[in-house]
Amino acid sequence: MISRHRALVLDGKRGQADAEADKWLGSNPQEIPTRTYLAEQSLQNQQFSKAAGYYETLVKLQPNNPLLLNNLAYCYQQLKSPKARETAEAALKLAPNNPAIMDTLAMIYFDSGNFTATLELLKRAIDIDKTNLDIRFHYVKALAKSGNKVAAKKELEWIIRTGKAFSYEAEASQLMTLLQQ
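In this text the structure is predicted, and so the values were computed from the model without any measurement. (Residues numbered from 1 in each chain as written. Predicted model: local features only at pLDDT ≥ 70, side-chain atom pairs only at ≥ 80, totals over all residues. Heavy atoms only, no water.)

> Would you take a moment to explain the packing of helix H1 (residues 2-10) against helix H2 (residues 14-27) for this structure?
Working note: a packed helix pair is described by the angle between its axes plus the distance between those axes. Where H1 meets H2, the axes come as close as 7 Å, and the angle between the chain directions of the two elements is 165 degrees. By the angle between their directions, the pair H1 and H2 is classed as roughly antiparallel. Helix-helix and strand crossings are classified by hand; for H1 and H2 the assignment is right-handed. Residues Arg-4, His-5, Leu-8 and Val-9 of H1 form the contact with H2, whose participating residues are Arg-14, Gln-16, Ala-17, Asp-18, Glu-20 and Ala-21. For the contact of H1 with H2, a count of residues per class yields four nonpolar, two polar and four charged. (Axes fitted to C-alpha atoms, helices over the stretch in contact; angles between N-to-C directions. Helix = DSSP H or I, 4+ residues; strand = E, 2+ residues; numbered from the N terminus. Parallel < 35°, antiparallel > 145°, perpendicular 65-115°, else oblique. Left-handed = near helix turned anticlockwise from the far one by under 90°. Contact = heavy atoms within 4.5 Å. Nonpolar A, V, L, I, M, F, W, Y, C, P; charged D, E, K, R; others polar.)

Set out below in structure tokens:
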């Protein structure tokens, strides 16, 4: 089904691809790989409600999978669902040293205005994965938002000096302009 879906999407028939995949999943309710593929595709296309539906089913099939819980929490965060925090906390409980999960929960805390928890969690994530520039940028945002602009600027300068690409380059440039004022 995954190959068929990909072929139809490449042929410009996403609607047909999605309809066939959903019909197939209806006949195969325990099937995980296709559902995971469709969840990831929906997430990449920022179809958070659709992705959340796939992830909710996947979590029922694999309730102790922290990465599925993390992705579901991220979808919930994007949808402004109150379930985001408890879902991310459940993921972190299953994988307490996973920086990606720490990042998701930290950004949920960030959105709720809890900058102390945000900074603590992001600092832990950075201590584990010092090279993840996306997590480091989230740390910069939290530092800036909490009022520590000097530390935010220093960290952002470090990120930029690495010369490595990261997801938030445009936003980082705007933030640097604000931090220099």
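> Looking at this structure, how should I read the nonpolar core?
The tendency in soluble globular proteins is for nonpolar side chains to be buried side by side. Ranked by internal contacts, the top residues of the largest apolar core, which has 54 residues, are Tyr-55, Leu-121, Leu-122, Phe-137, Val-140, Leu-156 and Leu-175. In contact with Tyr-55, other than residues within four places in its own chain, are Ala-39, Glu-40, Leu-43, Leu-68, Asn-71, Leu-72 and Cys-75. (Core = buried A, V, L, I, M, F, W, Y, C linked by side-chain atoms within 4.5 Å. Buried < 20%, exposed > 50% of the residue type's maximum accessible area, 1.4 Å probe, protein only.)

> Whenever I open this one, empty space enclosed by the protein confuses me. Can you help?
The rolling of a water-molecule-sized probe over the atoms marks out the regions of remaining empty space. Tallied over the entire structure, the rule returns one cavity of 30 Å³ or more. Taken as a whole, the largest cavity holds about 50 Å³ of empty space. Every residue lining the largest cavity is listed: His-5, Arg-14, Asp-18, Leu-38, Gln-41, Ser-42, Asn-45, Gln-47, Lys-50 and Tyr-54. Mapped onto the lining of the largest cavity, the elements with two or more residues apiece are H2, helix H3 (33-44) and helix H4 (48-61). Per-element tally for the lining of the largest cavity: the top contributor is H3, with three residues. For the lining of the largest cavity, the residue count by class is two nonpolar, five polar and three charged. (1 Å grid on protein atoms, 1.4 Å probe; cavity = no way out; pocket = protein on both sides within 12 Å on 5 of 7 lines; lining within 4 Å. Points joined across faces, edges and corners; volume = space filled by probe spheres on them.)

> Any chance you could explain the packing of aromatic side chains here in plain terms?
Each aromatic ring pair is described using two quantities: the centre-to-centre distance and the angle formed by the ring planes. This model, assessed by the stated rule, comprises four aromatic pairs. Taken together, a centroid distance of 5.5 Å and an interplanar angle of 70 degrees make the contact between Phe-110 and Phe-115 edge-to-face. Ring-pair connections join several aromatic residues into one group, and the members of that group are Phe-137, Phe-166 and Tyr-168. The aromatic ring of Trp-158 is capped on one face by Arg-136, whose charged end is 3.9 Å from the ring centroid. (Phe/Tyr/Trp six-rings, centres within 6.5 Å; stacked < 30°, edge-to-face > 60°. Lys NZ or Arg CZ within 6 Å of the ring centre and 35° of its normal.)

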